[in-house]
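# Structural overview for review
The residues making up each chain are set out below.
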Amino acid sequence: MPETIENWIKNRKSTFVEGLKEGSKIDDAVIEKLLENASWAPSHGLVQAWNFKVFAGNGVKRFFKVQQQIYKEITPADKFVGFKYEAYSEKHKRVSHIIAIIAKRDPYKRFPAQEDLVSVACAVQNIYLSLQAYGIAGYLSTGGVCYSQQMKHFLNLEAEDAPIGFFILGEADESFQRPPRMRIPVGQKTEWIKE
Ligand SMILES: Cc1cc2nc3c(=O)[nH]c(=O)nc-3n(C[C@H](O)[C@H](O)[C@H](O)COP(=O)(O)O)c2cc1C
């Protein structure tokens with residue numbers, strides 16, 4: 001049904017840490033469902049480059065601690081934001097699970113690395129779309145810490161593997177209001193060629 005897919009796509013949304021409930025708890029079984037749904041993403045030649053590392057329980061606190069340390073290590077003094085550094089110590093209170101999403105380079109290099117990345121991005125979208133169905137919330141977090149050598153080391157990645165981002169997950173704090181989500185009309189980004 002067109003309306004059904006439109007609703008699912010348009011209602012998909014990011015919920016940032018401040019929009020998650022303190023003490024959020026998601027069942028591990030729900031995370032397994034998200035991963036299963038992620039794995040039905042398309043990939044050229046069925047390379048299926050996605051790999052996941054799930055942080056749960058005390059692992060969540062440990063993950064944010066590592067993020068905090070790496071942030072301190074890699075951020076030049078003039079770019080260092082004190083409250084951002086401090087905030088890492090608080091995040092675990094609202095976060096139930098973190099899924100680290102990795103594009104594992106196809107060992108046979110059958111297709112350009114870009115194709116591995118695109119297929120993993122499709123897996124990310126499957127997770128995003130699944131959130132509303134399971135009544136949970138979250139968003140994809142990326143940035144300098146995610147792409148750092150230190151993070152690659154922490155995640156035990158090989159040189160050609162790419163960390164894509166971290167899906168930060170919890171229960172929604174229904175009292176938190178996000179400003180309305182907007183999009184540039186797609187007509188402004190489309191060219192039709194008919195001749
Ligand atoms: C590749 C990618 C990277 C993102 N990285 C971040 C991030 O580091 N921090 C953040 O707050 N949101 C991040 N987001 C989420 C965006 O902020 C979010 O998708 C955007 O604000 C639109 O909101 P919506 O997802 O609710 O439509 C990322 C999203 C994608 C797809």
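This text follows the structure it describes.
About the thresholds
Residues numbered from 1 in each chain as written. Predicted model: local features only at pLDDT ≥ 70, side-chain atom pairs only at ≥ 80, totals over all residues. Helix = DSSP H or I, 4+ residues; strand = E, 2+ residues; numbered from the N terminus. Rg over C-alpha atoms; globule rule 2.2 N^0.38 Å. Buried ≥ 20, exposed ≤ 12 C-beta atoms within 10 Å, placed from the backbone. Contact = placed C-beta atoms within 7 Å. Near = placed C-beta within 6 Å. Nonpolar A, V, L, I, M, F, W, Y, C, P; charged D, E, K, R; others polar. Pairing = 2+ DSSP bridges. Core = buried A, V, L, I, M, F, W, Y, C linked by C-beta atoms within 7 Å. Axes fitted to C-alpha atoms, helices over the stretch in contact; angles between N-to-C directions. Parallel < 35°, antiparallel > 145°, perpendicular 65-115°, else oblique. Left-handed = near helix turned anticlockwise from the far one by under 90°. Arc of directions from axis to C-beta.

### What to know about the overall build of the chain
Regarding its fold elements, the chain presents seven helices and four strands. Along the chain, helices and strands appear, N-terminal first, in the series α-α-β-α-α-β-α-β-α-α-β. Against the 2.2 N^0.38 benchmark of 16 Å for 195 residues, the chain shows a C-alpha radius of gyration of 18 Å, consistent with a compact globule. The principal-axis extents of the C-alpha atoms in the chain amount to approximately 55 × 45 × 40 Å. For the chain, with 195 residues in total, the buried portion stands at 26%. Looking at the chain alone, contacts between residues at least 24 apart form 83% of all its contacts between residues at least 6 apart.

### Re the environment of Pro2
On the secondary structure map, Pro2 appears in helix α1 (residues 2-11). Measuring from C-alpha to C-alpha, the distance between Pro2 and Ala41 comes to 20 Å, with 39 residues separating the pair along the chain.

### A short note on the site of the ligand
In the vicinity of the ligand, the contacting residues are Lys13, Ser14, Phe16, Tyr139, Leu140, Ser141, Thr142, Gly143, Gly165 and Arg181. The element contributing the most residues to the shell around the ligand is strand β3 (residues 137-141), with three residues. Across the shell around the ligand, the residue classes tally to three nonpolar, five polar and two charged.

### Considerations on the pairing of strand β4 (residues 162-170)
Along β4, seven of the nine residues are buried, which leaves the element largely enclosed by surrounding structure. One ladder, built from seven bridges, connects strand β2 (residues 97-103) with β4; its direction is antiparallel. Following the sheet pairing, Ala103 is matched in β4 by Ala162.

### Some thoughts on the nonpolar core
With 35 residues, the main nonpolar core has Trp50, Ile98, Ile101, Val120, Phe167 and Leu169 as its most contacted residues. Of all the secondary structure elements, the ones that give two or more residues to this core are α2 (28-38), β1 (50-56), α3 (58-74), β2, α5 (113-134), α6 (144-147) and β4. The leading source of residues in this core is β2, at six residues. If near-sequence neighbours (up to four positions away) are discounted, Ile98 is found in contact with Phe55, Val60, Phe63, Phe166, Phe167, Ile168 and Leu169.

### Re the environment of Glu73
With respect to the element layout, Glu73 can be found in helix α3. Residue classification places Glu73 among the exposed residues on the basis of 11 C-beta atoms within 10 Å. Residues Glu73 and Asn126, spaced 53 residues apart in sequence, show a C-alpha to C-alpha distance of 33 Å.

### Let's talk about the packing of α2 against α5
Running from N to C, α2 and α5 point in directions that differ by 140°, and their axes come no closer than 8 Å. Here α2 is positioned oblique relative to α5, judged by the angle of their axes. The crossing of α2 and α5 is right-handed. Between α2, through Val30, Lys33, Leu34, Asn37 and Ala38, and α5, the contact on the second element is made entirely by Ala123, Asn126, Ile127, Ser130 and Tyr134. A breakdown of the residues in the contact of α2 with α5 according to their chemical character gives six nonpolar, three polar and one charged.

### Thoughts on the sheet that holds β3
Strand order in the open sheet made by the four strands is β1-β2-β4-β3, with antiparallel pairing throughout. Looking at which strands have only one partner, the edges of the open sheet turn out to be β1 and β3. Mean inter-strand twist for the sheet, computed between neighbouring axes without regard to direction, equals 20°. Of the pairings in the sheet, the one linking β3 to β4 comprises five bridges and is antiparallel in character. Paired with Tyr139 across the strands is Ile168, a residue of β4. Sheet contacts for α3: β1 and β2; angle to β1, the most-contacted strand, approximately 105°.

### What to know about α2
Turning to α2, its buried residues number three or more, namely Ile31, Leu34 and Ala38. Seen along its axis, α2 keeps its buried residues to an arc of 55°; they face one direction. Those residues of α2 that are exposed and angled more than 90 degrees off the buried face are Ala29, Glu32 and Glu36. Against the buried residues of α2 lie β1, β2 and α5.

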